[in-house]
Amino acid sequence: MNRRRKKLFLLVVLLLCAILAALPWLGFSYGVVWIFLLAVYFTLALSYDIVGGYMGYMNLGHSTFFGLGAYTTAILLNQGFNLFAALFAALLLAAVFAAVVSYPLFRLRGAYFALATFGLISLIEVLTVNLRDLTGGSGGISTPPGNHMVPSYYLVLAVAGGTMVLSHFVARSKFGLALFSIREDEEVAKAFGVPTTLYKGLALVISSAPASLVGGIYVWNMTYISPNSVFGLEIALSPIIMAMLGGTGIMIGPLVGAVFITLVQEFLWTKVPYFHLAMYGTVLVLIGLFMPGGIVRTRWVKPVVQWLGLGEAVDYFKNGDVERIP
Amino acid sequence: MRPFFECREISKTFGGIEALTHVDLKVEPNTITGVIGPNGAGKTTLFNIISGALLPTAGEVIFKGKKISGMGPARVCRLGIARTYQLVRPFNSLSAIENVLIGLGFGRARPMAKRDRLAEALRILRMVGLENKMNHVAEGLTLVEKKHLEIARALATAPELLLLDEVVSGLNPTEVTRIIETIQQIRKSGITIIMIEHILKVVMALCERVVVLNYGVQIAAGTPEEVVRNEAVIEAYIGRFEDTEERPDA
């Protein structure tokens, strides 16, 4: 049973991959754009979840890494660097930035941490507006023109896939277990030897990597960004809302949330423009009231998720290693 | 010979309040020492200082010849002092076995090989009688199970000294018997125990030595039999009859 289920699961995943890979060649050009944006938001939501869900620190400033990645890539592309070198530099810069800010930020907890990280976005935004020679100021920055839709589509899917693998292995690792323990009770975790300061910083650095990469790919594709487009409220809040709507601290949650919100947005977009902004607020309130665990933890969805073997980290054990021990 | 564990002249003040004043405590290896005293006597503060969660205002804690006060809780834990909490604090969303794995993976001076960790975690859960609940989320366990889980998590760090903070409070008589058995078993395995306890029956049954605190001051120490007959102790617990109005030092 278990093996057959695994086979079925693999088959569905492979099928999905095949469809996604074939999409640009089937003439669904709008679908490609749509999936591209979905994957960008999904990657942000999933990488946010390493700190926000696994570790329980609500990092409202996650989009700072996205913006940093985007600006670094744009500036380096304009200097004539190749895309991969630029992306690598973006990754490195965001990681160093994450490591540096983690020290003061993780002295705070709860709402104070969330607010401080939120302030981080404005800090970097102000920097980009004022460093006019480097970033083009409030007018934004353009990169060498060209149609990169299809390659950037594949790239962003690869990063999204890589983030899923990363998130999967973090959740099952000793490191991940330590992050969960920090979420549950940081003081006790510390008393039992978990190196909390180091791990919190490490988690932030890890979560910054995918965000900075998609930022770079995003600007390569769009060829233009402004401080408002990468440091705006939309890009800061929607990944977090996706993660919370789907379910935080569980890998499948951000995926469900991202697909759900982008689908709903798609319908609202054409009928009532700008309504999606009001919707975010409404959705947040409704999540808090009716499904604090997110969609994947509601009564009807949970069994399906568990059957697929995508449940809580706790459930992984149930189906995994422990049973084999005498 | 150097003592196994010693608190020397520990004092702790919170603002103007003296929670502990010059408390001395010596513990021989392989014994159970009870710390008793009325509410607010400073018992848990003493535990917080021993486990490194708080710094003493004055005095020092010596463990196997090393000064451990000021080291921080993580290092104290790795040196071999583990604790439980008065109000249970397991990692709620984690399963029982994962709770134990945290202790195994992080609380030891030399972490175990990955391969052996699960087997060891199971062995410890079996010792406290939770092997059937290993995949249950800690939040869903009953109070007595949570207390056993806390003991298991502490044992996972391979402690030489175990601090038990009121493990018996809130349990019914059957559960009390069960947890007393667990404690005796732990002691047999060569682990020294200091326990805070209110219930005298438990103290009498388990402890070789009892230390009594009142308002942060050690007012008595000795065998349980000596201590329960000590007048200062009786006064601290139930007061004295005739002096309510004309106590000279009040």
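Residues numbered from 1 in each chain as written. Chains lettered and ligands numbered in written order. Predicted model: local features only at pLDDT ≥ 70, side-chain atom pairs only at ≥ 80, totals over all residues.

1. Regarding the overall build of chain B
In step 1: Scanning chain B from terminus to terminus reveals 9 helices and 10 strands.
In step 2: With the C-alpha coordinates of chain B rotated into their principal frame, the extents come out at 65 × 40 × 35 Å.
In step 3: Residues counted as buried form 46% of the 250 residues belonging to chain B.
In step 4: Within chain B, contacts between residues at least 6 apart in sequence are counted, and of these 64% link residues at least 24 apart. (Helix = DSSP H or I, 4+ residues; strand = E, 2+ residues; numbered from the N terminus. Buried ≥ 20, exposed ≤ 12 C-beta atoms within 10 Å, placed from the backbone. Contact = placed C-beta atoms within 7 Å.)

2. What about the nonpolar core?
In step 1: Core analysis: the largest hydrophobic core is formed by 168 residues, its most contacted members being A:V156, A:V214, B:V100, B:L125 and B:A152.
In step 2: Looking at this core, the element that brings in the most residues is helix α2 (residues 29–54) of chain A, giving 15 residues.
In step 3: Not counting the four nearest positions on each side in its chain, A:V156 is found in contact with A:F36, A:A39, A:V40, A:V214 and A:I217. (Core = buried A, V, L, I, M, F, W, Y, C linked by C-beta atoms within 7 Å.)

3. Description of helix α10 (residues 196–222) of chain A
In step 1: In this model, α10(A) (27 residues) spans 39 Å end to end at C-alpha, consistent with the 39 Å of a helix rising 1.5 Å per residue.
In step 2: Most of α10(A) is tucked away, with 21 of its 27 residues classed as buried. (Expected span 1.5 Å × (residues − 1).)

4. A closer look at the confidence of the model for chain B
In step 1: Summarising the model, chain B shows a mean pLDDT of 89, and 96% of its residues fall at 70 or more.
In step 2: Reported for the predicted complex are a pTM of 0.90 and an ipTM of 0.89. (pLDDT = per-residue confidence, 0-100.)

5. Notes on the environment of B:K114
In step 1: Looking at the secondary structure, you find B:K114 in helix α4 (residues 114–127).
In step 2: In the structure, B:K114 is positioned 10 residues away from B:L104 in sequence and 9.9 Å away in space, judged by C-alpha atoms.

6. Description of the pairing of strand β9 (residues 209–214) of chain B
All names here are of chain B.
In step 1: The buried fraction of β9 amounts to 5 of the 6 residues, a majority that puts the element mostly inside the structure.
In step 2: For strand β3 (residues 32–36) and β9, the ladder comprises 4 bridges, and the chain directions are parallel. Each bridged residue has a counterpart across the sheet, and for G34 the counterpart in β9 is V210.
In step 3: With 5 bridges connecting them, β9 and strand β10 (residues 217–222) associate as antiparallel partners. (Pairing = 2+ DSSP bridges.)

7. A word on the sheet that holds strand β5 (residues 66–67) of chain B
Residues and elements named next belong to chain B.
In step 1: The 4 strands lie next to each other as β2-β1-β4-β5, forming an open sheet whose pairing is antiparallel. In this open sheet, the two edge strands, each paired with only one partner strand, are β2 (17–27) and β5.
In step 2: For strand β1 (residues 5–14) and strand β4 (residues 58–63), the ladder comprises 5 bridges, and the chain directions are antiparallel. Bridge pairing links C7 to V61 in β4.

8. Quick notes on helix α3 (residues 63–78) of chain A
Residues and elements named next belong to chain A.
In step 1: Taking 1.5 Å of rise per residue, 16 residues should cover 22 Å, and α3 covers 22 Å from first to last C-alpha, within 8% of that figure.
In step 2: Among the 16 residues of α3, 15 are classified as buried, and the element is accordingly described as predominantly covered.
In step 3: Downstream of α3 by a residue or two, G80 has a phi angle that is positive, lying close to 95°.

9. Brief notes about the sheet that holds β3(B)
For sheets, the rule is that strands pair by backbone hydrogen bonds, running either parallel or antiparallel.
Residue and element names in this part refer to chain B.
In step 1: Read across the sheet, 6 strands follow the order β6-β7-β8-β3-β9-β10 without closing on themselves; strand pairing throughout is mixed. Sheet topology places β6 (81–83) and β10 at the edges, where each strand pairs with a single neighbour. With strand direction ignored, the average angle separating the axes of adjacent strands in the sheet is 20°.
In step 2: Here helix α1 (residues 43–50) sits on the sheet and contacts β3, β6, β7 (161–165), β8 (192–196) and β9; the angle it forms with β7, its principal contact strand, is near 150°. (Axes fitted to C-alpha atoms, helices over the stretch in contact; angles between N-to-C directions.)

10. Observations concerning the interface of chain B and chain A
Where interface size is quoted, it is often the accessible area lost as the parts come together.
In step 1: In this complex, chain B contributes 29 residues to the contact, which on the side of chain A involves 20 residues.
In step 2: Element by element, the count of residues in the side of chain B that touches chain A is highest for helix α3 (residues 96–106) of chain B, at 7 residues.
In step 3: Taken together, the residues of the side of chain B that touches chain A sort by class into 15 nonpolar, 9 polar and 5 charged. (Nonpolar A, V, L, I, M, F, W, Y, C, P; charged D, E, K, R; others polar.)

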